[in-house]
Amino acid sequence: MQDIEQERQRKQDILMSQVVEAGYDTIAFQVYCEQIKQNGSQDIDLWTFEELQKTIQDFIKKEDQKEMQQQNLLIVQNDSRQLNLQTNNTQFQIQKIQDDSNFITEVQCQLPGRTRLTDYIMENTHKQVEIIMSEYLSKSDGIISSYISFKIETKPIGWVVNRRFTDFQKLREILVMTYPCHLIPPIPGKKLKSQTGAAYLEKRMRIMELFLQNCLYHPLFKTHPLFSDFLEINDDAKLKEKFNQYEKQKGPSKPQEYTMINGSCVLEISNELSNYSNSLSDYLKNSQDIYKKTGNNFNKLCTDLENLSNTLTAITDNFNTLDKLTDSFIKQTKSKGAIEQIQQVYQELSKFVTGWQYGVNFQMKNVKENFYEFFRYHKKKQSSAYEYLQSKNQLQQKYQNLKNKLNEKKEQLYNKGDPTKWELPPDIPKTTKELQFNKGEAFKYMLPNETKQVSEVREMYAFMNHQLQDEINQMIDFRIKVYAKKFVRMGQMRALETAKFHHILANFLQVLAEMQGSTTGQMYNRRASVFIDQRYDQFFGIKPK
């Protein structure tokens, strides 16, 4: 154990000295770690010291090369400015529309800043940050109205806050505004006044918990300063100020204004991405229907299990009634022997059916929490993904419409043959006469302001077009993570419930065997006791009482 702690300390020391204290971008390093190893930015124990050392060296080399390229670019830009000053010939920068079937480029954008959440994750890579919502309570909001407040714990940081549903709404709206080209996870719809039951509120709380967990899992969303504040700030007035501050801001209108982990946006328009987008549309629509049917089937299963539970309750009542009748008969007649044994059988049958009912109720709870609600949430997530795809398609259509209108306008102006209406900039490398006989060249320089506007819309569309596949993969990756966590736990609890019923059945068999003078039941019961003890110890680290 001491060796493990020493090794962990060595890894933390090299991270602090070579990345944090050396001034490298800690968020970029986390992203780089995720690219090398899944969850590599979350758990330092996944790395050997040698692996981590090599990863740090490769990252530093990559960052140094990037910085060198930026310095060289600045030198080239400065040289160009000097040359322009010397020649006194300022070149007009043309916004050119390139081929929309094969276009890819990369532009520099904004880097995310540091937050208390991302700092903690970076400085405690061996610890897994978790967001848990387990409680809610009704609070007064004046003399008449009230609202539900949900408790949020961020472990192991130790942050504990209470948030109302409108806080979640505002957080999501600001994330949508800040990252319009990304797929923001969904939250529940507005609460119906008639819906105030525990089951309804529990369901909403689970969806909001998944929303926060999804944001924490996303490499970009967790870097937003408001996300960190949302999890930490206890003062409602201070949080409201933060909301107001961000609500006054405007989202990015071009990729250069966007914030990305690596400080760059890839813009791409290609036939391959067009095919992916079309296929994705069909996939989302079809799988959405399957998710809906699956949710309905699990809902029916819950109803069937509830009916079975009610039937088992009735059967238990029947055996209890037989037990009372037999007990009354024994007391009245002072009978002994077989009649006492049949009474014991009724008692054991009552326990047996009660255990059976417990198992059914447990299955019903398991199905609701781990199947029905899971598929309901991810059906909602599928809807969000489809809306996200539609937003991309609307942006694409907007660009196509603007481009077509611009080309039609240029065509009309060119055919009229009056260059004074073309809004040509003063300094271009072509004469007006040359442009009149070369339509392609004329189109490049005509209406520069409108051409620039169309190009900016095209750039945002191209960025979202490229980002689409990454966001869908991120959504599926998070779904797998939730699948694994929920269904592993469900399997453990199902095994425990089976063990409990195994114990009840063993007791019943022991009674029957003893009536026949056999020791088989005792042996069976001992095996069942050992079995359930092992299961309790395996899942909970305790022995059953």
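None of these values were measured; they are calculated from a predicted model.

**Q** Where do I start with the overall build of the protein in this structure?
**A** Secondary structure summary: the protein contains 14 helices and 5 strands in total. Taken across its 545 residues, the protein has 40% of its residues classed as buried. Here the analysis covers contacts within the protein between residues at least 6 apart in sequence; of these, 74% occur between residues at least 24 apart. Of the accessible surface of the protein, which amounts to about 30,800 Å², a share of 50% is contributed by carbon and sulfur atoms.

**Q** How should the packing of helix α7 (residues 225–232) against helix α8 (residues 236–247) be read in this particular structure?
**A** Relative orientation and spacing of two packed helices are given, respectively, by the angle between their axes and the distance between those axes. It is the contact of α7 with α8, at a shortest axis distance of 10 Å, that shows an interaxial angle of 165°. With respect to each other, α7 and α8 are oriented roughly antiparallel. Note on packing geometry: the crossing formed by α7 with α8 is left-handed. Side by side, α7 and α8 meet where P225, L226, D229 and F230 of the first sit next to L239, K242, F243 and Y246 of the second. A class-by-class count of the residues in the contact of α7 with α8 yields 6 nonpolar, no polar and 2 charged.

**Q** Which parts of the structure should I look at to understand the confidence of the model for the protein?
**A** Caution applies to low-pLDDT regions: their predicted coordinates should not be interpreted in detail. Chain-level statistics for the protein give a pLDDT mean of 82 and a share of 84% at 70 or above. Low pLDDT, under 50, characterises residues 74–97; the predicted model gives this stretch 15 contacts beyond four residues in sequence or across chains. Low pLDDT, under 50, characterises residues 535–545; the stretch is placed with 18 contacts to residues that sit more than four places away or in other chains.

**Q** Could you clarify how one ought to interpret the environment of L308 in this entry?
**A** Along the chain, L308 falls in helix α9 (residues 271–333). Residue classification places L308 among the partly exposed residues on the basis of a relative accessible area of 33%. Taking C-alpha positions, L308 is 8.1 Å from Q357, a pair spaced 49 residues apart along the chain.

Analysis parameters
- Residues numbered from 1 in each chain as written.
- Predicted model: local features only at pLDDT ≥ 70, side-chain atom pairs only at ≥ 80, totals over all residues.
- Heavy atoms only, no water.
- Helix = DSSP H or I, 4+ residues; strand = E, 2+ residues; numbered from the N terminus.
- Buried < 20%, exposed > 50% of the residue type's maximum accessible area, 1.4 Å probe, protein only.
- Contact = heavy atoms within 4.5 Å.
- Areas by Shrake-Rupley, 256 points an atom, 1.4 Å probe, with all protein chains shown as cover.
- Axes fitted to C-alpha atoms, helices over the stretch in contact; angles between N-to-C directions.
- Parallel < 35°, antiparallel > 145°, perpendicular 65-115°, else oblique.
- Left-handed = near helix turned anticlockwise from the far one by under 90°.
- Nonpolar A, V, L, I, M, F, W, Y, C, P; charged D, E, K, R; others polar.
- pLDDT = per-residue confidence, 0-100.

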